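# Observations on chain architecture
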Amino acid sequence: MSRWKALSTELDPRVRQLLTQLRRLKDHSGLNMRQLAAKTGYSEKSWERYLGGRSLPPREAVEALARIGGVDPVRLLALHEVAADTWGGGRQHLDTSAPEGPAPEPVPELVPAPTVGPAARPDPETEREPESETEPESVTAARRSLRVALVAGAVALVLALSSAALLVMRLDDGDGEPAAAPPAVSTAPVPSPAPAYTCRVERTDGLWYAGISRTRDIELAYGAVGPEVAEAQCLLRRAGISPGGIDGMFGPLTQRAVKAFQTRAGLAVDGSVGPRTWKALRG
C-alpha cells in the first residue's frame, strides 16, 4: 500500500473526495506509477501531479483508472464534473493534456501593431458604438452557480439510488484484503464489472478441480479472461496463495500469485499458466 502525502487543506472538499477515491483505486490495482502510466497513456509525472493534488486529472484519465480498478466509472465521472467546476473557480489549473505526453509551452498570440496614418482612422460614415461582447459579471456568476447546483443534485441522486460506496474495492472472501467503508443499503441493482464465479473444489481421480473448467493445458497469460482463469484462481487459493478475487480476469494480483506458486513448486517462474503449472495445480 502506498504511503500518500496528505492533500493540501486548501483543496475544496469535493476535490479531496475525488482524489481520495483515485488513490484508493491506484493502491487496489497493485500497480506502481510506471505501470499505471503504461496502462493509461498518461506519464508518471502526470499521475504524480493528479494524485498529489497539484492539478486536476482529465476526464479520460479518471475513466481509465476506474476501468483498471474494475469499477463502474459513472460516480467517479460525476464527482470529477463537480470537482472541475470547483477547481476552475480558484487558483488551481485543470489538466487537459493529451495522454501522449506533456503539453508544449503555450505560445503567446502575436498581436499586430496598430497602423499609423490615415488608414488607422475610423470612417465617420461606418463608425458605430461597439456592442458589449461580454455578459455582466452577475449573469455569469448566476449561470455558474446554477450549473454547480444542478451537477451536485445529479451526484446526490446517483448516491441515493446506487450506493454511498460504489467505489468500495471488491472483497475477496476470507483473504483479509483491506476494504473501504461498508456498502450502504441500495434500492437499485449495482452493475457488476465482471461475472462472479464460485469455487467448488473437489478431488477426482487424484486431481483437483474447482468445478468451473476441466482444462489441463490451455495457456493463460496476463490480460486473459474467462472461466479458465477463474479455475486457476480457485486452485491457487486452494494451494494457500491468494490471487485476489475469483473474477476470471488475469490481472496483477493473479500474476503475482502464479509466480509465487511456481517458485514454491520449483517451476520456471514466468507468471503464466501452461501445462506444467496446470499439472502442479491439479496434482
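Residues numbered from 1 in each chain as written. Predicted model: local features only at pLDDT ≥ 70, side-chain atom pairs only at ≥ 80, totals over all residues. Heavy atoms only, no water.

### Quick notes on the overall build of the protein
Short version of the rule: Working definition: helices are DSSP H or I runs of at least four residues, strands are E runs of at least two. Numbering for both runs from the N terminus. Burial classes follow relative accessibility: with a 1.4 Å probe on protein chains only, a residue under 20% of its type's maximum area counts as buried, one over 50% as exposed, and anything between as partly exposed. By definition in these notes, contact holds between two residues if any of their heavy atoms fall within 4.5 Å. Only the protein chains shown count as covering a residue, and every accessible area follows the Shrake-Rupley method with a 1.4 Å probe.
Within the protein, the regular secondary structure consists of nine helices and two strands. Starting at the N terminus and ending at the C terminus, the protein contains elements arranged as α-α-α-α-α-α-β-β-α-α-α. For the protein, with 283 residues in total, the buried portion stands at 35%. Considering only residue pairs separated by 6 or more positions, the protein has 58% of its internal contacts joining residues 24 or more positions apart. On the protein, roughly 17600 Å² of surface is accessible, and the fraction owed to carbon and sulfur atoms is 55%.

### Brief notes about the confidence of the model for the protein
Applied cut-off: Every residue gets a pLDDT, meaning the predictor's confidence in that residue, from 0 to 100.
When the pLDDT values of the protein are averaged, the result is 75; 62% of them are 70 or greater. Mean pLDDT across the elements of the protein ranges from a minimum in helix 6 (residues 137–161), with 63, to a maximum in helix 8 (residues 252–265), with 95. Segment residues 100–135: pLDDT under 50, and six contacts once partners within four positions in sequence are set aside and those in other chains are kept. Predicted confidence for residues 185–192 stays below pLDDT 50, and this span has eight contacts to residues more than four positions away or in other chains.

### Focus on the packing of helix 2 (residues 33–40) against helix 3 (residues 44–52)
This is how it is decided: Every angle, taken between N-to-C directions, lies between 0 and 180 degrees, and every axis is a line fitted to C-alpha atoms, over only the stretch in contact when it is a helix. The scheme is simple: roughly parallel for angles under 35 degrees, roughly antiparallel for over 145, roughly perpendicular for 65 to 115, oblique for anything else. Only Asp, Glu, Lys and Arg are considered charged in this grouping, and only Ala, Val, Leu, Ile, Met, Phe, Trp, Tyr, Cys and Pro are considered nonpolar; every other residue, Gly among them, is considered polar.
Two elements in contact, helix 2 and helix 3, have axes whose closest approach is 8 Å; the angle formed by their N-to-C orientations is 105 degrees. By the angle between their axes, helix 2 is roughly perpendicular relative to helix 3. Every residue of helix 3 that contacts helix 2 at M33, R34, L36, A37 and T40 is listed here: E44, W47, E48 and L51. Broken down by class, the residue content of the contact of helix 2 with helix 3 amounts to five nonpolar, one polar and three charged.

### Here we look at the side chain of H80
Checked against the element boundaries, H80 lands in helix 5 (residues 74–88). For H80, a relative accessible area of 7% translates into the label buried. Setting aside its immediate chain neighbours within four residues, H80 contacts L18, L56, P57, P58, R59 and V62.

### As for helix 4 (residues 59–69)
Worth spelling out the cut-off: Arc definition: it is the arc formed by the directions from the helix axis to the C-beta atoms.
The set of residues buried in helix 4 consists of A61, V62, L65, A66 and G69. The buried residues of helix 4 occupy an angular sector of 135 degrees when projected down its axis, which confines them to one face. Seen from the buried face of helix 4, the exposed residues on the opposite side, beyond 90 degrees, are E60 and R67. Two residues or fewer after helix 4 comes G70, characterised by a positive phi angle close to 80 degrees.

### So, the packing of helix 8 against helix 9 (residues 275–282)
Packing of helix 8 against helix 9 brings their axes to within 11 Å, and their N-to-C directions diverge by 80 degrees. Between helix 8 and helix 9, the crossing angle belongs to the class labelled roughly perpendicular. Counting all contacts with helix 8, which are made through F261, Q262 and A265, the residues of helix 9 involved are T277, A280 and L281. For the contact of helix 8 with helix 9, the residue count by class is four nonpolar, two polar and no charged.

### Observations concerning unusual backbone geometry
Most of the time, phi is negative for any residue but glycine, and the peptide bond is trans. If you check the backbone angles, D205 has positive phi at about 55 degrees while not being a glycine. You can see D205 is positioned in the loop between strand 1 (202–204) and strand 2 (207–209).

### A short note on the nonpolar core
Condition: Nonpolar cores were defined as sets of buried Ala, Val, Leu, Ile, Met, Phe, Trp, Tyr and Cys residues, with membership established by side-chain atoms within 4.5 Å.
With 25 residues, the main nonpolar core has V15, L18, L22, W47 and L76 as its most contacted residues. Counting 14 residues, the second largest nonpolar core, distinct from the first, contains A239, V273, W278 and L281.

### Thoughts on helix 3
Among all positions in helix 3, only S46, W47, Y50 and L51 are buried. The arc enclosing the buried residues of helix 3, seen along the axis, measures out at 120 degrees, which places them on a common side. Close packing links the buried residues of helix 3 with helix 1 (13–29), helix 2 and helix 4. Positive phi appears at G53, one or two residues downstream of helix 3, with a value of about 80 degrees.

### Things to note about the environment of I218
Mapped onto the secondary structure, I218 falls in the loop between strand 2 and helix 7 (227–238). Since its relative accessible area comes to 32%, I218 is described here as partly exposed. Those residues in contact with I218 that sit more than four places away from it in its chain are E228, V273, G274 and W278.

### Quick look at the side chain of D247
Threshold: N or O atoms within 3.5 Å of each other form a polar contact, as long as, within protein, one can give a hydrogen and the other can take it, and as long as residues adjacent in sequence are counted only when both atoms are side-chain atoms.
Mapped onto the secondary structure, D247 falls in the loop between helix 7 and helix 8. According to the relative accessible area criterion, D247 is buried, its value standing at 14%. Polar contacts involving the side chain of D247 include one to the main-chain amide nitrogen of M249, which spans 3.0 Å.

### Some words on the pattern of salt bridges
Filter applied, for reference: Here, a salt bridge means any side-chain nitrogen of Lys or Arg that lies within 4 Å of a carboxyl oxygen of Asp or Glu.
Scanning the entire structure with this criterion turns up four salt bridges. For D12, the salt bridge identified is with R14, shortest N-O distance 3.0 Å. Among the ionic pairs, R67 bridges to E63, the shortest N-O distance being 2.8 Å. With R67 and E63 both in helix 4, this residue pair falls four residues apart, about one helical turn. Of the residues examined, R67 reaches a relative accessible area of 55% and is grouped as exposed. Classification of E63 by relative accessible area gives partly exposed; the value is 25%.

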